[in-house]
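Listed below, chain by chain, are the residues.
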Protein chains: 2
Amino acid sequence: PGPRASPVPYRRPRFLRGSSSSPGAADASRRPDSRPVRSPARGRTLPWNAGYAEIINAEKSEFNEDQAACGKLCIRRCEFGAEEEWLTLCPEEFLTGHYWALFDGHGGPAAAILAANTLHSCLRRQLEAVVEGLVATQPPMHLNGRCICPSDPQFVEEKGIRAEDLVIGALESAFQECDEVIGRELEASGQMGGCTALVAVSLQGKLYMANAGDSRAILVRRDEIRPLSFEFTPETERQRIQQLAFVYPELLAGEFTRLEFPRRLKGDDLGQKVLFRDHHMSGWSYKRVEKSDLKYPLIHGQGRQARLLGTLAVSRGLGDHQLRVLDTNIQLKPFLLSVPQVTVLDVDQLELQEDDVVVMATDGLWDVLSNEQVAWLVRSFLPGNQEDPHRFSKLAQMLIHSTQGKEDSLTEEGQVSYDDVSVFVIPLHSQGQESSDH
Amino acid sequence: PGPRASPVPYRRPRFLRGSSSSPGAADASRRPDSRPVRSPARGRTLPWNAGYAEIINAEKSEFNEDQAACGKLCIRRCEFGAEEEWLTLCPEEFLTGHYWALFDGHGGPAAAILAANTLHSCLRRQLEAVVEGLVATQPPMHLNGRCICPSDPQFVEEKGIRAEDLVIGALESAFQECDEVIGRELEASGQMGGCTALVAVSLQGKLYMANAGDSRAILVRRDEIRPLSFEFTPETERQRIQQLAFVYPELLAGEFTRLEFPRRLKGDDLGQKVLFRDHHMSGWSYKRVEKSDLKYPLIHGQGRQARLLGTLAVSRGLGDHQLRVLDTNIQLKPFLLSVPQVTVLDVDQLELQEDDVVVMATDGLWDVLSNEQVAWLVRSFLPGNQEDPHRFSKLAQMLIHSTQGKEDSLTEEGQVSYDDVSVFVIPLHSQGQESSDH
């Protein structure tokens, strides 16, 4: 049977119990056993780690579909007019930030490993290309400081363009550049696969959270739980995906229907009026079933089981350039976006408490724990462990264990995650202090 | 000079002082001088107003670009299996609701008048087509009540499909159907123009707010101001519009650039790196200016001055089928959506106070008064006028006067609106009571 009759969930093998790896917590870089990620083969003359003294891969092995990276992000100043040469300043004059990234692979770990080794370099390059705008009170209209029209600053002001918009733009470009690198490297090495990406960057008193996929980050404070990311799945991006199939029907090769129905239709439904939605609809309506409505749906299944073209559980991420529907030539990549959604947390504006943290985790955690349950665990754990220098790592570990039935479980009916689970716990108090040092 | 050198704001003549018309308030139907809208020429055998005993056009003349309509919405039951015939039940068995609509025309009042005369009929037909689902606890998978697959109710349940999703779907379809009617009627009569549409429907204890354009509705309560609609302008829909130009570059006929810059570029900018955004970007980045970047931008101008293709200030609405960029053959319609965004207010779940109201108004009001200023005026006016049966009409009138310097003005620096202004004030208290009778 083709993919319509029996779709094979492609994304990742479930029931691989025991593959859950340890967390990389915010203080993971203090651990002596952390090993740096390999230098991406980019042929640069400077050593790869000139700007990344402490990027580590947070104890992931090459066999994990989940991969992680974190470290210091040192952004150099570019000499005006000589863009290909770098003016090496003393370290104090670097613009420094911090970087945390989670990659959840599918179809093998190759894309996730490449992303963990590459994305920070792409981001550094993108940030260095606009560093003049980052350090200015307001980004200049022209990058070289020339002012061609006297009212240029006013135009920039009226558009409300701030330095943080350049960081958002740099993150968006870095994800796309990294996706291209992954595409080339996978093709060259004959490998397959893709990954989600959730990236946090702390820079100039702000925390940027860039998400492409179904990982999640939340802010947990004493009296507040705030989502910092939104999941991108075939369900949450239904209208975008249906719209694309409407514009380019050839992408479905006559094998799928772009319409959504409550279930897959069958012969008995022919001629009946059934519930449906198309790309322009948020609500539901009824239509009379025609033969073409019996095809396999572009997006099918509910919740965690929802699949794009019967194949993929996420609608944004990196890689998957070669991915096709089983036994067909129908490509997934045209429906996938590599561009992340970026949210900005103004850390300097928060009245920070000692125990305010950001929790970043792959979907394995959120499958079994709600935001509220995670916040409850955070608030239960931290106040009693204020003297422990490794308490944030231990909290991350405890969160993972609680998805595996190791702790007195909070999860409904002792739910257990058989997925890879990765967690970062980022204490904001030190970020705020650190960033205010610069 | 063509449209690129000197774009003519198409939308509506400003400085037509004195054209502001009186408000249609929630109790306008009590006024004896209200005249019903004309029957749309749809060739139905039933009198047009069988279901709309009280639709009035809220004192608008045919010369106003703003048009309005409100009245009772009576939805009949459809006899199963005989879809083209109607089973006339006694009035008590009708499903009844209320309807308020504001249409802000541009390029003449023709589209707004057609919309005021037509949209409620489209909506009634759409609601009547799904009435079986509206009155059920949960919409059935099949409209005729047959259950082909025993687990059909479970599929509907899992998708979370509720009766309110059918009303949203009916509103979405009604706007599109009305847009088609307007296109046909304008072409047949050789007329031009388009209009925005903001429609409120009170049905089964819920208030639905459907918006296509830049009118706005807010809920004002003693301790709360809640936006019930979002504006659709070239600025708020930038990414959708740029994306379309990316997919169909021929829509720009080589005359426009889809990229956004802080200002229009000129010869001196060639070769410089300037701030820009493309369709996939929320943030900003820099690009080196090429010759094609000097073209007139697809979206240009700031705030109220922002224009699509140098021509139109809104990106959703009805009509504009023939609209072209001045002196060119470039069409606006492909970039416009007629589908509204619908929000739902669960009135039955609010603990209603006597003075809780919804304020709906065209952009003329919101150009000079903020949500907070409108709420302040509402809260200042209503408590002192509790005995006046016309207080909601008077409040609507007072809101309009305060945009015209007639009241002791709240607006910044005595700002005055020269635009048409239309306002509905809908008291929720009576809606809640009424709806709970059904």
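Residues numbered from 1 in each chain as written. Chains lettered and ligands numbered in written order. Predicted model: local features only at pLDDT ≥ 70, side-chain atom pairs only at ≥ 80, totals over all residues. Heavy atoms only, no water.

The name given to chain A in an unreviewed UniProt entry is Protein phosphatase, Mg2+/Mn2+ dependent 1M, and the organism recorded there is Pan paniscus.

1. Some details on the interface of chain A and chain B
Our working definition: Contacts: residue pairs with any heavy atoms within 4.5 Å of one another. Simply put, the buried area is the total loss of 1.4 Å probe accessible area from both parts when two parts are fitted together. The term salt bridge refers to a side-chain nitrogen of Lys or Arg lying within 4 Å of a carboxyl oxygen of Asp or Glu. Throughout this description, a polar contact denotes any pair of N or O atoms lying within 3.5 Å of each other; where both atoms belong to protein, one of them has to be capable of donating a hydrogen while the other can accept it, and for residues adjacent in sequence the pair is counted only when both atoms sit in side chains. Strands here mean DSSP runs of E at least two residues long; helices mean DSSP runs of H or I at least four residues long; both are numbered from the N terminus.
Each side of the interface is counted separately: chain A has 49 residues, and chain B has 48 residues. Note on chain A versus chain B: buried area summed over both sides is about 4400 Å², and carbon and sulfur give 57% of it. The interface formed by chain A and chain B contains four salt bridges. Close ionic contact of Glu260(B) with Lys159(A) constitutes a salt bridge, the shortest N to O distance being 2.6 Å. At the boundary of chain A with chain B, the tally comes to 26 residue pairs in polar contact (both at pLDDT 80 or more). Elements supplying a minimum of two residues to the side of chain A that touches chain B: α3 (152-158), α4 (163-189), β8 (273-276) and β9 (285-288) of chain A. Looking at which element gives the most residues to the side of chain A that touches chain B, the answer is α4(A), with six residues.

2. Focus: the sheet that holds strand β6 (residues 224-227) of chain A
Sheets are built from strands paired through backbone hydrogen bonds, the pairs being either parallel or antiparallel. Residue and element names in this part refer to chain A. Where we set the bar: For two strands to pair, DSSP has to find at least two bridges joining them. Lines fitted to C-alpha atoms define the axes, with helix axes restricted to the stretch in contact, and inter-axis angles between N-to-C directions lie between 0 and 180 degrees.
The strand order across the open sheet formed by four strands is β6-β5-β15-β16, and the pairing between neighbours is antiparallel. Strand pairing shows two members of the sheet lacking a second neighbour, β6 and β16 (423-427), which therefore form its edges. Going from strand to strand, the sheet's axes swing by 20° on average, the running direction of each strand aside. Of the pairings in the sheet, the one linking strand β15 (residues 357-361) to β16 comprises five bridges and is antiparallel in character. When the sheet's bridge partners are listed, Ala361 is paired in β16 with Val423. Along the sheet face, helix α7 (residues 371-381) touches β5 (216-221), β6 and β15 and points at about 45° away from the line of β5. Sheet strands in contact with helix α8 (residues 391-401) are β15 and β16, and its direction is about 145° off that of β16.

3. Overview of the packing of α7(A) against α8(A)
Residue and element names in this part refer to chain A. Just so we agree on the cut-off: Comment on the angle field: the value is read as roughly parallel under 35 degrees, roughly antiparallel over 145, roughly perpendicular from 65 to 115, and oblique elsewhere. In this scheme, a crossing is called left-handed if the near helix is turned counterclockwise away from the far one by less than a right angle; it is called right-handed if the turn is clockwise. Each residue gets one of three labels, nonpolar for Ala, Val, Leu, Ile, Met, Phe, Trp, Tyr, Cys and Pro, charged for Asp, Glu, Lys and Arg, and polar for the others, Gly among them.
Taken N-terminus to C-terminus, the directions of α7 and α8 make an angle of 140°; their axes are 11 Å apart at the nearest point. One finds that α7 runs oblique with respect to α8. In the packing of α7 onto α8, the handedness of the crossing is right-handed. Contacts between α7 and α8 involve Val374, Leu377, Val378 and Phe381 on the former and, on the latter, Arg391, Lys394, Leu395, Met398 and Leu399. For the contact of α7 with α8, the class distribution of residues is seven nonpolar, no polar and two charged.

4. Description of the domain arrangement of chain A
For the record, the criterion: Where each domain starts and ends comes from a domain assignment, either automatic or drawn from a database.
Domain boundaries in chain A define domain 1 (45-79 + 93-146 + 159-232 + 338-403 + 418-427) and domain 2 (239-313). Taking only C-alpha atoms, the centre of domain 1 of chain A and the centre of domain 2 of chain A are 35 Å apart.

5. Considerations on the state of the cysteines
Residues and elements named next belong to chain B. Heads up, the condition is: Any two cysteine sulfur atoms within 2.5 Å of one another count as a disulfide. Burial classes: relative accessible area under 20% of the type maximum marks a residue as buried, over 50% as exposed, and values in between as partly exposed (1.4 Å probe, protein chains only).
Considering all chains together, one arrives at zero disulfides over all chains under this definition. The structure places no disulfide on Cys195, whose sulfur is separated from the nearest cysteine sulfur, that of Cys178, by 7.2 Å. Assessed through its relative accessible area of 1%, Cys195 is described here as buried.

6. Some words on helix α8 (residues 391-401) of chain B
For an α-helix, the turn length of 3.6 residues means that residues three or four places apart are oriented alike. All names here are of chain B. A large share of α8 lies buried, amounting to eight of its 11 residues. Within the sequence span of α8, burial applies to Arg391, Phe392, Ser393, Leu395, Ala396, Met398, Leu399 and Ile400. Those residues of α8 that are buried lie in contact with β15 (357-361), α6 (363-368), α7 (371-381) and β16 (423-427).

7. Things to note about the pattern of salt bridges
Taken as a whole and assessed by the stated rule, the structure comprises 52 salt bridges over all chains. The salt bridge partner of Arg304(A) is Asp367(A), with a shortest N-O separation of 2.8 Å. Pair noted here: Arg304(A) is in the loop between β11 (299-300) and β12 (307-308) and Asp367(A) is in helix α6 (residues 363-368), with a separation of 63 residues, a long-range link. According to the relative accessible area criterion, Arg304(A) is partly exposed, its value standing at 35%. The residue Asp214(B) makes a salt bridge to Arg304(B) at a minimum N-O spacing of 3.4 Å. Taken as a pair, Asp214(B) in the loop between β4 (206-212) and β5 (216-221) and Arg304(B) in the loop between β11 (299-300) and β12 (307-308) lie far apart in primary sequence, 90 residues in all. Residue Asp214(B) is classed as buried on the basis of its relative accessible area, which comes to 2%. Residues joined in a network through salt bridges with shared partners are Lys159(A), Arg238(B), Glu260(B) and Arg277(B).

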